[in-house]
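For reference, the chains in residue letters:
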Amino acid sequence: MAGSLESLVVGKVIGDVVNMFTPAAEFTVHYGSRQVANGRMIPPSAAVDKPKVQIHGHRLSSNLYTLVMVDPDAPSPSEPTLREWLHWIVVDIPEGCDATQGREVVPYMGPQPPTGIHRYIFTLFKQKAAAMSGTLPPETRSNFSTRQFAAGNGLGPPVALVYFNSQKERTNRKH
């Protein structure tokens, strides 16, 4: 776990998106056969469809989780004036299940980095409330704040986080 936090500090995920936290849960994110790992490069074409997000644990548990996906590098890493760009919110995900068992508050939007290498961050929060029925989508996807969303919904610090990098793909033009 210490190594995973170190990569989050080096990648400036801790700082730009969340504060330092103590990992207290485990989850995996897969785009097809590609597992998301901190700093791994995944092209936008491989992330068009929503990923399979599996929260590890016991299915008999009553714990529920909230998943937030953001891009803190919009529109460009050198000038992130739209930080954070919201890509997905799913609430009420039961422990031991995948995100399809939760309630999608903001529909999934795949990576569309216009320039530079962007970080796409999946942050998992353990819910204190039994259900997040009052969670409303934000008015816009731009300038979202994972920290403010967590505070406004009584979520506390993250319990797990993973991110990948992506950049615009070259198009092959035939002359």
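What comes next is a walk through the structure. Because the structure is a prediction, the values reported are computed rather than measured. (Residues numbered from 1 in each chain as written. Predicted model: local features only at pLDDT ≥ 70, side-chain atom pairs only at ≥ 80, totals over all residues. Heavy atoms only, no water.)

### Side note on the overall build of the chain
Thought 1: Along the backbone of the chain there are three helices and nine strands.
Thought 2: Along the chain, helices (α) and strands (β) appear in the sequence α-α-β-β-β-β-β-β-β-β-α-β when read from the amino end.
Thought 3: Scaling as 2.2 N^0.38, a compact globule of 175 residues should have a C-alpha radius of gyration of about 16 Å, and the chain matches this with 16 Å.
Thought 4: Here the C-alpha coordinates of the chain stretch approximately 60 × 35 × 30 Å along the principal axes.
Thought 5: By the burial criterion, 45% of the 175 residues in the chain qualify as buried.
Thought 6: Across the chain, the fraction of contacts at a sequence separation of at least 24, relative to all contacts at a separation of at least 6, is 75%. (Helix = DSSP H or I, 4+ residues; strand = E, 2+ residues; numbered from the N terminus. Rg over C-alpha atoms; globule rule 2.2 N^0.38 Å. Buried < 20%, exposed > 50% of the residue type's maximum accessible area, 1.4 Å probe, protein only. Contact = heavy atoms within 4.5 Å.)

### With respect to the sheet that holds strand E4 (residues 52-55)
Thought 1: Pairing is antiparallel in the open sheet, where three strands are placed in the order E2-E1-E4. Looking at the sheet topology across the chains shown, the edges are occupied by strand E2 (34-35) and E4. (Pairing = 2+ DSSP bridges.)

### So, the packing of aromatic side chains
Thought 1: Going through the model one piece at a time under the given rule, you end up with five aromatic pairs.
Thought 2: Considering the side-chain rings of Trp-88 and Tyr-108, the 5.3 Å spacing of their centres and the 80° angle between planes classify their relative orientation as edge-to-face. Note that Trp-88 is positioned in strand E6 (residues 85-94) and Tyr-108 in the loop between strand E7 (103-106) and strand E8 (117-126), a separation of 20 residues in sequence. Tyr-108 shares its class with Trp-88; the two are buried.
Thought 3: Aromatic pair Tyr-120 and Phe-164: ring centres 5.3 Å apart, planes at 25°, arrangement stacked. Taken together, the residues Tyr-120 in strand E8 and Phe-164 in strand E9 (residues 160-167) connect sequence positions 44 residues apart.
Thought 4: Among the residues examined, Tyr-120 registers a relative accessible area of 1% and is labelled buried.
Thought 5: Relative accessible area serves as the criterion here: at 0%, Phe-164 is assigned to the buried category.
Thought 6: An aromatic cluster is built from Tyr-31, Tyr-120, Phe-122 and Phe-164, whose rings are joined through pairwise contacts. (Phe/Tyr/Trp six-rings, centres within 6.5 Å; stacked < 30°, edge-to-face > 60°.)

### Let's talk about the pattern of salt bridges
Thought 1: Summed over the entire model, instances satisfying the criterion amount to five salt bridges.
Thought 2: Linking Lys-52 and Asp-98 is a salt bridge whose minimum nitrogen-to-oxygen distance equals 3.6 Å. One end of the pair, Lys-52, is in strand E4; the other, Asp-98, is in the loop between E6 and E7, and 46 residues separate them in sequence.
Thought 3: When its relative accessible area of 16% is taken as the criterion, Asp-98 is described as buried. (Salt bridge = Lys/Arg side-chain N within 4 Å of Asp/Glu carboxyl O.)

### What about the side chain of Asp-71?
Thought 1: Here Asp-71 shows up in strand E5 (residues 64-71).
Thought 2: Although Asp-71 is buried, it makes no salt bridge; Arg-119 carries the closest opposite charge, 6.4 Å away.
Thought 3: Reaching out from Asp-71, the side chain makes a polar contact with the backbone nitrogen of Asp-73 at a distance of 2.7 Å.
Thought 4: At 3.4 Å, the side chain of Asp-71 and the side chain of Tyr-120 are in polar contact.
Thought 5: Beyond its immediate chain neighbours, meaning those up to four positions away, Asp-71 contacts Glu-84, Trp-85, His-87, His-118, Arg-119 and Tyr-120. (Lys, Arg positive; Asp, Glu negative; His and termini not counted. Polar contact = N/O pair within 3.5 Å; in protein donor to acceptor, adjacent residues only side chain to side chain.)

### Some remarks on the sheet that holds E5
Through backbone hydrogen bonds, the strands of a sheet pair up, either in parallel or in antiparallel fashion.
Thought 1: If you trace the six strands from one edge of the open sheet to the other, you get E3-E9-E8-E5-E6-E7, paired in mixed fashion. For this open sheet the edge positions go to strand E3 (40-41) and E7, each flanked by a neighbour on one side alone.
Thought 2: Strand direction decides the pairing type here: E5 and E6, joined by seven bridges, are antiparallel. From the neighbouring strand, Leu-64 faces E6, where its bridge partner is Pro-94.

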